[in-house]
Structures are given as C-alpha cells and as structure tokens.
Amino acid sequence: MGKHCKRQTLMDAADLGLLHYGQIDPLIHFLEEREKKSKRTRFNGTTVLMYSGGMLAISACSLFSTLAVEKWGMPVLLDMSLIYLLFAIAMATWMGQRGQATAAGIFATLAIALVPLAVFALQHVLGFWADAVNAEHYRDFHRWIDWRWLIMELATLLVGALMLWRFRYSFLVMPIAFTLFYMGMDIVPAILAQADASLLSDAGWLLRKKISLVFGGAMLLTALVVDLRTRSEKDYAFWLYLFGLMTFWGALSSLGNGALSGKLFYLAVNLLLILIAAMLSRRVFAVFGGLGVAMVLGELSWSVFKDSFAFVAVLTLIGFGLIGLGMLWSQHEHKISSRLRLWLPNSVQDSLVWRA
C-alpha cells in the first residue's frame, strides 16, 4: 500500500470519527517503519545465503579442530578457538551497530558454537581427558555420551545466556537449545557414575529414557514460559520447543514395551500434542504428534491384521484418513484454536492473542 493510499484510508476513517485528524501522520509513520522492519527481517534469498554461510562456518568447527589437533596439538587449538570466538563477538557487535541484524545474529551464534570447542581444548590441556578413549577429537562430542561433556555444555549455556542478554537475537536460542538437548543425554551417565551403576544395563537404559523424558518436559515448560512472557516480535521459544519435543517425544517413543495399554497411552499423549499445537498455534507439536499417531495406528493395524492383505487396506485407509483430517484441520484451524483456548486462563489467552 502506497503512502497516498494509506493517507486517504486514514482520512476516510477520520471523516467517520474513528480517529482524530492529528493522528494520521503519526500512524502513517508507524506503518511505514513497521513495513521497513518487515522487509528487513523477511526470509528471502539473501537471508538463506547468510544462514547457509553461518551453518557452514559452525560445521567447520569440528573439521577445523580435528586438523588443528593432528597438526599442532591441543594448546594451539585452544589459542585459535579463543581468537576465532573473540573475532565472532567483535563481528556481531560491529554488524549490530550497522543495523545488520541477521548477520550479527549469525556471528553471535557462531561465537556460542565455539565455546564448547574452546572448553574441550582447555580440558585436554589440563589433562581432564587423559584416561578417556572417546575424546581424542572434538567430533567425538557428537558421537559418544559421557558425563564429562557436561562442563562444556554448562559453559556453553552460560555464554549463550550472556550473548542472548547482550544481543537479543532469537537465532541465539538455537545453540542453547541444542546444548540442552545434548545435556539431557549426558546428565544420565553422570548420575549413573555417582551411583556406580552400569550405563549399558537394562536398568541404566530405562533410567536414561525416564530422565530424558523429564528433561524434555522441563524444556517444553521453559519454552512455554518464554513464549507467554515474551512481548516481542522475535520468536525466542521456537528452538526450545523443537529440541524439547525431540528429547521428550524421542524418550516417550522408546519407552514402549509392546503392551496394548502402553500403545493407547502413547496414542493419547500424541493426540494431546496435536491439541496443544492448536491451542498455542505451534505447528511443531502437530508434527511430532502426527508422527506418533501415524506410528501407533500403523503398529496397531499390523498387530491386528498381521500377515493379511487387510493390513494393506487398513494402512491405506489410515493414511487417507490422516490426509483428510489434515485438510479439515487447515480449513477450520482458526475456529478450532479459538475454541480450545477457551479452556485456558484469561492471562494465557491474552498472551497467545498478542503473539498471534
């Protein structure tokens, strides 16, 4: 909408007594600034290139650490990672001062991603991993679960919180949520080590699943609090929702024992996730809930119609039924969401309406 059209529309509204004539120019200025901000933050080709470059730079950390260790050793890796980290912070500050929010957020995220690398090198310099065979390279952090990774994760969370407080970019929540996801796995070996229990025993695996379930639930509750308390256009809760659901839903899916009661409970939880998606207008819940519903319905149909052509027919009907429900949902999503939100407290409804 052009400036002339905006002014004419507001003039018509003033003629009807809906606003004062003196409010027209401030409203036009507000709308123009809002439109400029929307264009700056829109996810376009330039943004895709920036995020792709940032992700490549972050991914290069693991390869860089391996090559650096093999050629120069851990002390040099520590020095270079700290220099790289300070450079990323300086670039984030410089870009932020010039209004390049996307680039500044990517450099700030890169700085957070470098923290575990620096701590890993420091641990080796201090001899912390001298007796460990699963920590020769930084890439082992993504392959092996060990309680000693917790030091790296706690340091990353601390720096991540400071960076988020300083720069206020929503993308910074991604490495924080990613670290929490890893911490949910590494905290279990720490507990078992203190209890002198076996990590690979049946009891150890069960404990890992239960703690991951609780840890994922805690991440989801944290995301909900952040979501409802945020009064900003920036979405700080998305990454916490995503990794919280990965932890919670993954642990829940692995807890099944084959009993019908367990399958029905799993089905109920996934249906609840879909309802939460409608209440909060968070489709990531619907994605995980829909996957869970499809999995349990497919498994139930297999157990009932095993070794039968009827299984193929039932599975096809379930697939078509889910597609139909998806189409129905898309047509009435707003109405369904509005009705479900009536079950929530008024303060929560107001927060959700404000965010929407």
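Calculation notes
Residues numbered from 1 in each chain as written. Predicted model: local features only at pLDDT ≥ 70, side-chain atom pairs only at ≥ 80, totals over all residues. Heavy atoms only, no water. Helix = DSSP H or I, 4+ residues; strand = E, 2+ residues; numbered from the N terminus. Buried < 20%, exposed > 50% of the residue type's maximum accessible area, 1.4 Å probe, protein only. Contact = heavy atoms within 4.5 Å. Areas by Shrake-Rupley, 256 points an atom, 1.4 Å probe, with all protein chains shown as cover. Patch = residues over 30% accessible without salt bridge, like charges linked within 9 Å, V, L, I, M, F, W, Y side chains within 5 Å. Salt bridge = Lys/Arg side-chain N within 4 Å of Asp/Glu carboxyl O. Phe/Tyr/Trp six-rings, centres within 6.5 Å; stacked < 30°, edge-to-face > 60°. Axes fitted to C-alpha atoms, helices over the stretch in contact; angles between N-to-C directions. Parallel < 35°, antiparallel > 145°, perpendicular 65-115°, else oblique. Left-handed = near helix turned anticlockwise from the far one by under 90°. Expected span 1.5 Å × (residues − 1). Core = buried A, V, L, I, M, F, W, Y, C linked by side-chain atoms within 4.5 Å.

### Quick notes on the overall build of the chain
Part 1 of the reasoning: Scanning the chain for helices and strands turns up 13 helices and 0 strands.
Part 2 of the reasoning: Ordering the α and β elements of the chain from the N terminus gives α-α-α-α-α-α-α-α-α-α-α-α-α.
Part 3 of the reasoning: Out of the 356 residues belonging to the chain, those deemed buried represent 39%.
Part 4 of the reasoning: In the chain, the proportion of contacts linking residues at least 24 apart, taken out of those at least 6 apart, comes to 63%.
Part 5 of the reasoning: When the accessible surface of the chain is totalled, it reaches about 20,600 Å², and 68% of it is carbon and sulfur.

### Describing a nonpolar patch on the surface
Part 1 of the reasoning: On the surface, W72, V76 and M80 cluster together to form a nonpolar patch covering roughly 250 Å² of accessible area.
Part 2 of the reasoning: With respect to the helices and strands, the residue V76 is situated in helix 4 (residues 74-97).
Part 3 of the reasoning: Note on V76: relative accessible area 30%, which makes it partly exposed.

### Considerations on the packing of aromatic side chains
Part 1 of the reasoning: The tally for this structure, following the rule as stated, stands at 11 aromatic pairs.
Part 2 of the reasoning: Arranged with centres 5.6 Å apart and planes meeting at 65°, the rings of W249 and F288 form a pair that is edge-to-face. Of the two residues, W249 is situated in helix 9 (residues 238-254) and F288 in helix 11 (residues 283-304); the sequence distance between them amounts to 39 residues. Of the two residues, W249 and F288, both sit in the buried class.
Part 3 of the reasoning: Put simply, the rings of F171, F178, F181, Y182, F238, W239 and F243 touch in pairs and so form one group of aromatic residues.

### A word on the packing of helix 9 against helix 10 (residues 260-280)
Part 1 of the reasoning: In contact at an axis separation of 11 Å, helix 9 and helix 10 are set at 165° when each is read in the N-to-C sense. In terms of axis orientation, helix 9 runs roughly antiparallel to helix 10. Note on packing geometry: the crossing formed by helix 9 with helix 10 is left-handed. Contacts between helix 9 and helix 10 involve Y241, L245, F248, W249, L252 and S253 from the former and F265, Y266, V269, N270, L273 and L280 from the latter.

### Some remarks on helix 5 (residues 101-125)
Part 1 of the reasoning: Its 25 residues give helix 5 an end-to-end C-alpha distance of 36 Å, which sits within 8% of 36 Å, the value for a rise of 1.5 Å per residue.
Part 2 of the reasoning: The buried fraction of helix 5 amounts to 19 of the 25 residues, a majority that puts the element mostly inside the structure.
Part 3 of the reasoning: Just downstream of helix 5, G127 is the residue with a positive phi angle, here 80°.

### Considerations on the nonpolar core
Part 1 of the reasoning: Membership of the largest hydrophobic core comes to 64 residues, with the highest contact counts inside it found for Y241 and F285.
Part 2 of the reasoning: Among the elements of the structure, helix 4, helix 5, helix 6 (150-167), helix 7 (173-195), helix 8 (202-229), helix 9, helix 10 and helix 11 are those that each provide at least two residues to this core.
Part 3 of the reasoning: The greatest single-element share of this core, amounting to 12 residues, is contributed by helix 5.
Part 4 of the reasoning: Apart from the residues lying within four places of it in its own chain, the contact partners of Y241 are L220, A223, L224, D227, L280, R282, V284 and F285.

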